[in-house]
Amino acid sequence: MLSHPEHVWQLLLGFVFFYPLFMSYLWMMGALLFYRRERKEPPYQTPPVLEQPPAVSVLIPCFNEGDNAEETIRHAMALQYPDFEVIAINDGSTDNTADVLNRLAGQYDRLKVVHLARNQGKAMALQAGSLLARAEYLIGIDGDALLDPHAVHWMVRHFVKDPTVAAVTGNPRIRTRTTLLGKIQVGEFSSIVGMIKRAQRSFGRLFTVSGVITAFRKSAVHDVGYWSADMLTEDIDITWKLQRAGWDIQFEPNALVWILMPETLNGLWKQRLRWAMGGAQVLLKNLDVFFKPQQNFLWPLMLELCLSLVWSYLMLLVAVLWLLSFILPVHTLPIVGSPFVPHGTGVFLGATCLLQFALSKWMDSRYESRLGRNYYWMIWYPLVFWMINICSTIVAFPKVLLRREGKRARWVSPDRGVRPPQ
């Protein structure tokens, strides 16, 4: 019979193992429910026709995007949409971004360029662009993102159909595939990011829009006070602000954008730490949602956020106890059996991962025909990305607690992948 400490250890180990397994099957079921409607849509290259397409303003915040801004803007200018403008906001860049944008402004009548004297952060850049926009509907993309020509049609239809929709987030696709990290992220954005958004939309609300491609109703953003300048992930924060104010948010997988992602461990760590810190900020800011019954539709998202944080710290505890078992006498520790994976269930865990990856690639094959080539590389995902995401979550929470309240979240130049030789 197990002693009390050993019983607690087994419960702890069970939660550490079964929680991600449970979430995996929940995501797969929710994604399949969403896909039942998604698969009935026409191909993304032939969006539904809008009788009276409203004007849109494409906002492109740029900080040190001299290498990417021209390609991004040329793709934005190629939109297959009748009434749009593009507003590029140079947020105090220290490279040649200003020169590139000024040159392009002379080539395109639809392009407006705004220069901010100092780096104010993406939230303030978006706000500056929205205040200058002539349209009610804003399409926010990053300064390195290549917008699909039909993306705007797919997103705007949700605003036209439903006046309660405040934002529509799109479907980012990875274009940096030089290294192992780049290839794994191609699968991650399908099997993790895309699947979770489908599942969350099926079950109720989204945890976050994608900052790299989201359409906003300007009056709704104004209603909640625009983007928060002190939040490290303004996309997560605006998602919660809008939903807490009663607005709805949709996921549109047919709205594609091609993006650059880190391909070095250092760049990946910095990105995931910022994401984790942003999630921790949102958790602390919105924890009071549990005490507001009228907002119970957000309880599942907040519960998942809290449980994921607890799970990460329990993973750390299990790892520490396991390492101590090699140093201290066995009888002084409550460890029973193998850590991390309960006896005889490793095959089940591996099969679940492969099933999730296969299912997601099948659903996203509508948008990329050769996704199957990345299936092999996904066997490395738990080893590389689970560890980085767990460690970033563990580090992020105390950093957010110690962060000065109201401190401006300013830009940094991220890792944009390995560039081919010129």
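Enquirer: Looking at this model, I keep getting lost on the overall build of the protein chain. Mind explaining?
Expert: Along the backbone of the protein chain there are twelve helices and eight strands. The burial tally for the protein chain puts 56% of its 422 residues in the buried class. Surface exposure of the protein chain reaches about 19,200 Å², of which carbon and sulfur atoms provide 63%.

Enquirer: Sorry if this is basic, but what is going on with the side chain of Thr 208 here?
Expert: Mapping Thr 208 onto the fold places it in the loop between α6 (180-203) and β7 (213-217). Polar side-chain contacts of Thr 208 include one of 3.4 Å to the backbone nitrogen of Ile 236. Beyond its immediate sequence surroundings of up to four residues, Thr 208 is in contact with Lys 197, Asp 235, Ile 236 and Thr 239.

Enquirer: I'm lost on a nonpolar patch on the surface in this one. Help?
Expert: There is a patch of nonpolar side chains on the surface, built from Leu 287, Phe 290, Phe 291, Trp 299 and Leu 303 and spanning about 480 Å² of accessible area. Mapped onto the secondary structure, Phe 290 falls in the loop between α9 (265-286) and α10 (299-324). Taking the relative accessible area as the measure of exposure, Phe 290 reaches 30% and is therefore partly exposed.

Enquirer: How should the packing of aromatic side chains be read in this particular structure?
Expert: Both the distance between ring centres and the angle between the ring planes are used here to describe each pair of aromatic rings. Using the criterion set out here, one finds nine aromatic pairs in the structure. Through pairs of rings, three or more aromatic residues link up here, namely Phe 216, Tyr 226 and Trp 227. The side chain of Arg 110 reaches across the aromatic face of Phe 84, ending 4.2 Å from its centre. The lysine or arginine in question, Arg 205, covers the ring of Phe 297, its NZ or CZ lying 4.5 Å from the ring centre.

Enquirer: Please clarify how the pattern of salt bridges should be interpreted in this entry.
Expert: When the charged atoms of two side chains with opposite charge come close together, those side chains can pair. Tallied over the full model, the rule gives 17 salt bridges. Arg 103 serves as the salt-bridge partner of Glu 70, at 2.9 Å between the closest nitrogen and oxygen. Taken together, the positions of Glu 70 in helix α2 (residues 69-77) and Arg 103 in helix α3 (residues 97-105) put the pair 33 residues apart, joining distant regions of the chain. A residue is classified by how much of its surface remains accessible, and Glu 70, at 26% relative accessible area, is partly exposed. Between Lys 122 and Glu 234 there is a salt bridge whose closest N-O contact spans 3.5 Å. With a gap of 112 residues between them, Lys 122 in helix α4 (residues 122-132) and Glu 234 in helix α8 (residues 234-244) connect regions that are remote in the sequence. Taking the relative accessible area as the measure of exposure, Lys 122 reaches 13% and is therefore buried. Its relative accessible area of 7% is what places Glu 234 among the buried residues. Residues joined by salt bridges that share partners form a network here, namely Glu 38, Arg 173, Arg 198, Asp 364 and Glu 368.

Enquirer: Help me understand a positive patch on the surface in this model?
Expert: Side chains of Arg 36, Arg 37, Arg 39 and Lys 40 sit close together on the surface and give a patch of like positive charge. If you trace the backbone, Arg 39 turns up in the loop between α1 (4-38) and β1 (56-62).

Enquirer: Looking at this model, I keep getting lost on unusual backbone geometry. Mind explaining?
Expert: Negative phi is the rule for most residues except glycine; trans is the rule for most peptide bonds. The phi angle at Asn 64 is positive, at roughly 55°, despite the residue not being glycine. Position of Asn 64 relative to the elements: it lies in the loop between β1 and α2. With a phi angle near 65°, Tyr 226 is a residue other than glycine that sits in the positive phi range. In this fold, Tyr 226 is placed in the loop between α7 (218-223) and α8. Given a relative accessible area of 11%, Tyr 226 falls into the buried group.

Enquirer: Looking at this structure, how should I read empty space enclosed by the protein?
Expert: Remark: the empty space left among the atoms is shown by a probe the size of a water molecule rolled over them. Overall, the coordinates contain one cavity of 30 Å³ or more when judged by the stated rule. In terms of lining residues, the largest cavity is bounded by Lys 122, Leu 126, Gly 140, Ile 141, Gly 211, Thr 214, Phe 216, Trp 227, Glu 234 and Asp 235. Of all the secondary structure elements, the ones that give two or more residues to the lining of the largest cavity are α4, β4 (137-141), β7 and α8. Considering only residue class, the lining of the largest cavity consists of four nonpolar, three polar and three charged.

Enquirer: Looking at this structure, how should I read the environment of Ser 308?
Expert: Tracing the sequence through the fold places Ser 308 in helix α10. Looking at Ser 308, the relative accessible area reads 27%, which means it is partly exposed. Separated by 3.1 Å, the side chains of Ser 308 and Tyr 19 make a polar contact.

Enquirer: Looking at this model, I keep getting lost on helix α5 (residues 151-161). Mind explaining?
Expert: Along an α-helix, residues three or four apart share an orientation, since each turn contains 3.6 residues. Buried residues dominate α5, accounting for nine of its eleven residues. All buried positions along α5 are accounted for by Ala 151, Val 152, His 153, Trp 154, Met 155, Val 156, Arg 157, His 158 and Phe 159.

Calculation rules
Residues numbered from 1 in each chain as written. Predicted model: local features only at pLDDT ≥ 70, side-chain atom pairs only at ≥ 80, totals over all residues. Heavy atoms only, no water. Helix = DSSP H or I, 4+ residues; strand = E, 2+ residues; numbered from the N terminus. Buried < 20%, exposed > 50% of the residue type's maximum accessible area, 1.4 Å probe, protein only. Areas by Shrake-Rupley, 256 points an atom, 1.4 Å probe, with all protein chains shown as cover. Polar contact = N/O pair within 3.5 Å; in protein donor to acceptor, adjacent residues only side chain to side chain. Contact = heavy atoms within 4.5 Å. Patch = residues over 30% accessible without salt bridge, like charges linked within 9 Å, V, L, I, M, F, W, Y side chains within 5 Å. Salt bridge = Lys/Arg side-chain N within 4 Å of Asp/Glu carboxyl O. Phe/Tyr/Trp six-rings, centres within 6.5 Å; stacked < 30°, edge-to-face > 60°. Lys NZ or Arg CZ within 6 Å of the ring centre and 35° of its normal. Lys, Arg positive; Asp, Glu negative; His and termini not counted. Charge placed at Lys NZ, Arg CZ, Asp CG, Glu CD. 1 Å grid on protein atoms, 1.4 Å probe; cavity = no way out; pocket = protein on both sides within 12 Å on 5 of 7 lines; lining within 4 Å. Points joined across faces, edges and corners; volume = space filled by probe spheres on them. Nonpolar A, V, L, I, M, F, W, Y, C, P; charged D, E, K, R; others polar.

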